[in-house]
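Breakdown of the fold
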Amino acid sequence: MMAFLDYLDGVLYYPILVIVLVAAGLYFSFKTKFVQIRWFGESIKVIMEKPTKEGAVSSFQALMVSTASRVGTGNIVGVSTALCLGGPGALFWLWVIAMVGGASAFIESTLAQVYKRKDANGDSYGGPAYYIEHALHNKTLASAFALFLIVTYGIGFNMLASYNLQSTFSSYSFYDKTITPWLIGAVLGVIVGYCLLGGGKRIVKFTEILVPFMGVLYVLLALAVIVMHLGTIGTVLQGVLSDAFNWNKIMAGVSGSCLMFGVKRGLYSNEAGVGSAPNAAAAADVAHPVQQGLVQMLSVIIDTVLCTATACMCLFSGVLPTKELAGAPYVQQATTVDFGTLGPVLITLAMVLFAFTTLIGNFFYVENCVAYLNNGKMPSRGVMQAIRFFGAVVIFVGAGMSMAAAWDIADILMAFMCLINIPSCIALGGVALATTEDYAKQKAEGKVPVFKAANIGLSTENLDFWK
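Starting afresh in each chain, residues are numbered from 1 along the sequence in its written order. Totals for whole chains, interfaces and linings use all residues, but because this is a predicted model, local features are given only for residues with pLDDT of at least 70 and pairs of side-chain atoms are given and counted only at 80 or more. With hydrogens and water stripped out, all remaining heavy atoms of the structure feed into the side-chain values.

Turning to a nonpolar patch on the surface, a few remarks are in order. By definition, no residue in a patch forms a salt bridge, and every one has over 30% relative accessible area; like charges are joined within 9 Å, nonpolar side chains (Val, Leu, Ile, Met, Phe, Trp, Tyr) within 5 Å. Accessible areas in this description were obtained via Shrake-Rupley with a 1.4 Å probe; residue shielding takes into account the shown protein chains only. The term salt bridge refers to a pairing of a side-chain nitrogen on Lys or Arg with a carboxyl oxygen on Asp or Glu at a separation within 4 Å. A cluster of nonpolar residues, Trp95, Val227, Leu230, Ile233 and Leu237, forms a patch on the protein surface that exposes about 430 Å² of accessible area. The helix and strand labels rest on DSSP assignments: H or I over at least four residues marks a helix, E over at least two residues marks a strand, and numbering proceeds from the N terminus. Locating leucine 237 in the fold gives a position in helix H11 (residues 233-244).

Below, the structure is given as structure tokens:
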């Protein structure tokens, strides 16, 4: 089974997914005139805009939900694994995939806003499944995407987050590999299950408070490490760049190279183009779809900053990455250089927070797609409680898995999502680009951008908003 998973993982990522992701990212970057750079300042401005309807999901709250899912165990364990198995050059390729992916994140979230739906209370919801159905008129493909998202985030990513969390305890003396993982999985499953009883609104409120708090603390920790090793900045950057462009090493084994690990771990972490963040973007109450495109583009940047923070803590410590240290042990050992025995404790605390918010954010996406498969309505309370209970069981099982199986399953499931969402975004790219031009035109005229579908020649027949 592991041999099959490794083979499928390798085929999907190289060459298929790498080509699709990079090509789409570059295509959208050029078409939007590199919106991820050009409108970076604008993305920060729109975050704090208030929703027009009291009690609706704000741009900031939508950002926190998507960031809660993006910012997780992959920012620590995923980056560490990439450095240990691929080499320091993986950091450079992680930056590249984030840069080009920012444009993809902008397009998919703008489309989610354009084609979002209205519920009985007047609030909005949506995502790739909805723009695939209502814009591409392909219910079958939309249902397939929704199903893949449920399996990816409800099973694959949740098992991986649970495994990654318990692995950080392996450096402590009380850790017993036959018992401790299951105990941690059980505790985590119960706590997450309890938090999910409040549904989507509780998830939004919870992430709004915790995500900024944990992100700032983690970046400050990394900055402290950099300051203590300022004299080695040149050496670290040289090591990253020389390894990133060591083509002889890369071509000798592409699947295990820094290029591939940077792309895989970068994609897992920032989720640009995967089709997850648009589910949060569609819930926001904004005056123009581009505003959520910009907000979700910024989420990719936030995630990349946190990935870079982990890499800096590791590489600046002077501890050499090895295959034996892959995962949490490398980060923990690296932090002992500057913080002694407190280092592993700090990383464990960060992992607890990151894993918890990842699991909470993942279920927001799962519930959105469960509703889609149920004709746009949330199933009965009993059905939802059963789904949440199953999710808690998945978290418990994931804690006892092997590292290779956990990563392979998550990678494979996510790849199928990408291979549906990216082509759909390309097919609908004209709508997203016209919407972007409408926003730019109104800004140039000194107006506060307000979107109307008719302004870009878009029929309102299949739209619940923007009429």
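Glancing now at the packing of helix H6 (residues 90-114) against helix H20 (residues 429-444). Here H6 crosses H20 at 85°, and the two axes come no closer than 9 Å. When the axes of H6 and H20 are compared, the pair comes out roughly perpendicular. Side by side, H6 and H20 meet where Phe106, Ile107, Thr110, Leu111 and Val114 of the first sit next to Val431, Ala432, Leu433, Thr435 and Thr436 of the second. Three residue categories are used. Nonpolar comprises Ala, Val, Leu, Ile, Met, Phe, Trp, Tyr, Cys and Pro, charged comprises Asp, Glu, Lys and Arg, and polar comprises the others, including Gly. Of the residues contributing to the contact of H6 with H20, the split by class is seven nonpolar, three polar and no charged. Here, axes are lines fitted to C-alpha atoms. For helices the fit covers the stretch in contact, and angles between N-to-C directions go from 0 to 180 degrees. Here the angle decides the label: under 35 degrees means roughly parallel, over 145 means roughly antiparallel, 65 to 115 means roughly perpendicular, and every other value means oblique. Working rule for contacts: check all heavy atoms of both residues, and any pair within 4.5 Å makes them a contact.

Take H20 next. Between its terminal C-alpha atoms H20 stretches 22 Å, which fits the 22 Å expected from 16 residues at 1.5 Å a residue. In the stretch just after H20, glycine 446 is the one whose phi turns positive, near 80°. What a helix should span is 1.5 Å times the count of its residues minus one.

With that out of the way, let us pick up unusual backbone geometry. Comment: phi is negative for the bulk of residues other than glycine, and the bulk of peptide bonds are trans. Unlike most non-glycine residues, lysine 33 shows phi in positive territory, near 55°. Relative to the assigned elements, lysine 33 resides in the loop between helix H1 (2-31) and helix H2 (35-38). Classification of lysine 33 as exposed rests on a relative accessible area of 63%. For every residue, the accessible area (1.4 Å probe, protein chains only) is compared with the maximum for its type, and the residue is labelled buried under 20%, exposed over 50%, or partly exposed between those bounds.

Inspection of the secondary structure puts methionine 297 in helix H15 (residues 289-315). Taking the C-alpha atoms as reference, methionine 297 lies 8.6 Å from phenylalanine 40; in sequence the two are 257 residues apart. In this view, methionine 297 contacts Val35, Gln36, Trp39, Phe40, Ser43, Gly102, Ala105 and Phe106; residues no more than four positions away in its chain are not counted.

Turning to the nonpolar core, a few remarks are in order. Think of a nonpolar core as a cluster: buried Ala, Val, Leu, Ile, Met, Phe, Trp, Tyr and Cys residues, connected wherever their side-chain atoms sit within 4.5 Å. Core analysis: the biggest nonpolar cluster contains 138 residues, and Leu111, Tyr115, Val192, Tyr218 and Leu294 have the highest contact counts within it. With 15 residues, the top contributor of residues to this core is helix H17 (residues 342-373). Setting aside anything within four residues of it in sequence, one finds leucine 294 in contact with Val35, Trp39, Glu42, Ser43, Val46, Phe106 and Tyr439.

Once that is clear, we can look at the side chain of threonine 308. Here threonine 308 lies in helix H15. The exposure class assigned to threonine 308 is buried, which follows from its relative accessible area of 19%. Not counting chain neighbours up to four residues away, the residues in contact with threonine 308 comprise Leu91 and Trp95.

Attention shifts here to the packing of H15 against H20. Running from N to C, H15 and H20 cross one another at 100°; their axes reach a closest spacing of 9 Å. In this view, H15 runs roughly perpendicular relative to H20, as classed from their interaxial angle. The residues of H20 that touch H15, namely those facing Pro289, Val290, Gln291 and Leu294, are Thr435, Thr436 and Tyr439. Along the lines of polarity and charge, the residues of the contact of H15 with H20 split into four nonpolar, three polar and no charged.

Every definition here rests on a 1 Å grid over the protein atoms only: cavities are sets of points where a 1.4 Å probe fits but cannot get out, pockets are open sets enclosed by protein on both sides within 12 Å along at least five of seven lines, and lining residues have some atom within 4 Å of a point. Grid points are joined across faces, edges and corners, and a volume is the space filled by probe spheres set on the points. One pass over the full model with this rule turns up two cavities of 30 Å³ or more. Lining the largest cavity we find Leu21, Ile97, Val100, Gly101, Ser104, Leu267, Asn270 and Ala272. Among the secondary structure elements, those contributing two or more residues to the lining of the largest cavity are H6 and helix H13 (258-270). For the lining of the largest cavity, a count of residues per class yields five nonpolar, three polar and no charged.

Turning to its location among the elements, aspartate 438 is positioned in helix H20. Beyond its immediate stretch of four places on either side in the chain, aspartate 438 contacts His288, Val450, Phe451, Asn455 and Ile456.

The disulfide definition used here is simple: a pair of cysteine sulfur atoms within 2.5 Å. For the coordinates displayed, the defined rule picks out zero disulfides. Cysteine 307 takes part in no disulfide bond, and the closest cysteine sulfur, belonging to cysteine 312, lies 11 Å away. Since its relative accessible area comes to 1%, cysteine 307 is described here as buried. Here cysteine 369 is not cross-linked by a disulfide; its sulfur's nearest cysteine counterpart is in cysteine 425, at 14 Å. Residue class for cysteine 369 comes out buried when judged on its relative accessible area of 2%.

Attention now moves to the packing of aromatic side chains. Two rings from Phe, Tyr or Trp (for Trp, the six-membered ring) form a pair when their centres sit within 6.5 Å of each other. Planes less than 30 degrees apart are called stacked, planes more than 60 degrees apart edge-to-face, and all others tilted. Taken as a whole and judged by the stated rule, the model has 20 aromatic pairs. Ring centres of tyrosine 125 and tyrosine 130 lie 5.3 Å apart, and the angle between their planes is 80°; on these two criteria the pair is classed as edge-to-face. Accessibility assignment for this pair places tyrosine 125 and tyrosine 130 in one class, buried. Note on tyrosine 153 and tyrosine 365: the rings are 5.5 Å apart at their centroids and 90° apart in plane angle, and the pair reads as edge-to-face. Placement of tyrosine 153 in helix H8 (residues 139-167) and of tyrosine 365 in helix H17 is noted, with a sequence separation of 212 residues between them. Residues tyrosine 153 and tyrosine 365 agree in their burial class; the two are buried. Working rule: Lys NZ or Arg CZ, within 6 Å of ring centre, within 35 degrees of ring normal, means a charge sits over the ring. In this structure, arginine 38 packs its charged tip against the face of tryptophan 39, placed 4.6 Å from the ring centre. The ring of phenylalanine 465 carries lysine 116 above its face, with NZ or CZ at 4.7 Å from the centroid.

Close approach of charged atoms allows side chains with opposite charge to pair. Across all of its chains, the model carries five salt bridges by this definition. Two residues, glutamate 42 and lysine 443, come together in a salt bridge whose shortest N-O distance is 3.4 Å. Pair noted here: glutamate 42 is in helix H3 (residues 40-47) and lysine 443 is in helix H20, with a separation of 401 residues, a long-range link. With a relative accessible area of 13%, glutamate 42 lands in the buried category. The closest approach of N and O atoms between arginine 388 and glutamate 367, which form a salt bridge, is 2.9 Å.

A few words now on H11. Its twelve residues give H11 an end-to-end C-alpha distance of 17 Å, which sits within 8% of 16 Å, the value for a rise of 1.5 Å per residue. Taken together, the buried positions of H11 are occupied by Val236, Val240, Asp243 and Ala244. Buried residues of H11, seen end-on, are gathered within an arc of 105° and therefore sit on one face of the element. In H11, the exposed positions that point more than 90 degrees away from the buried face belong to Thr235 and Gln238. Each direction from the helix axis to a C-beta atom contributes to the arc, which is the arc of those directions.

Just geometry here; none of it tells us what the structure is for.
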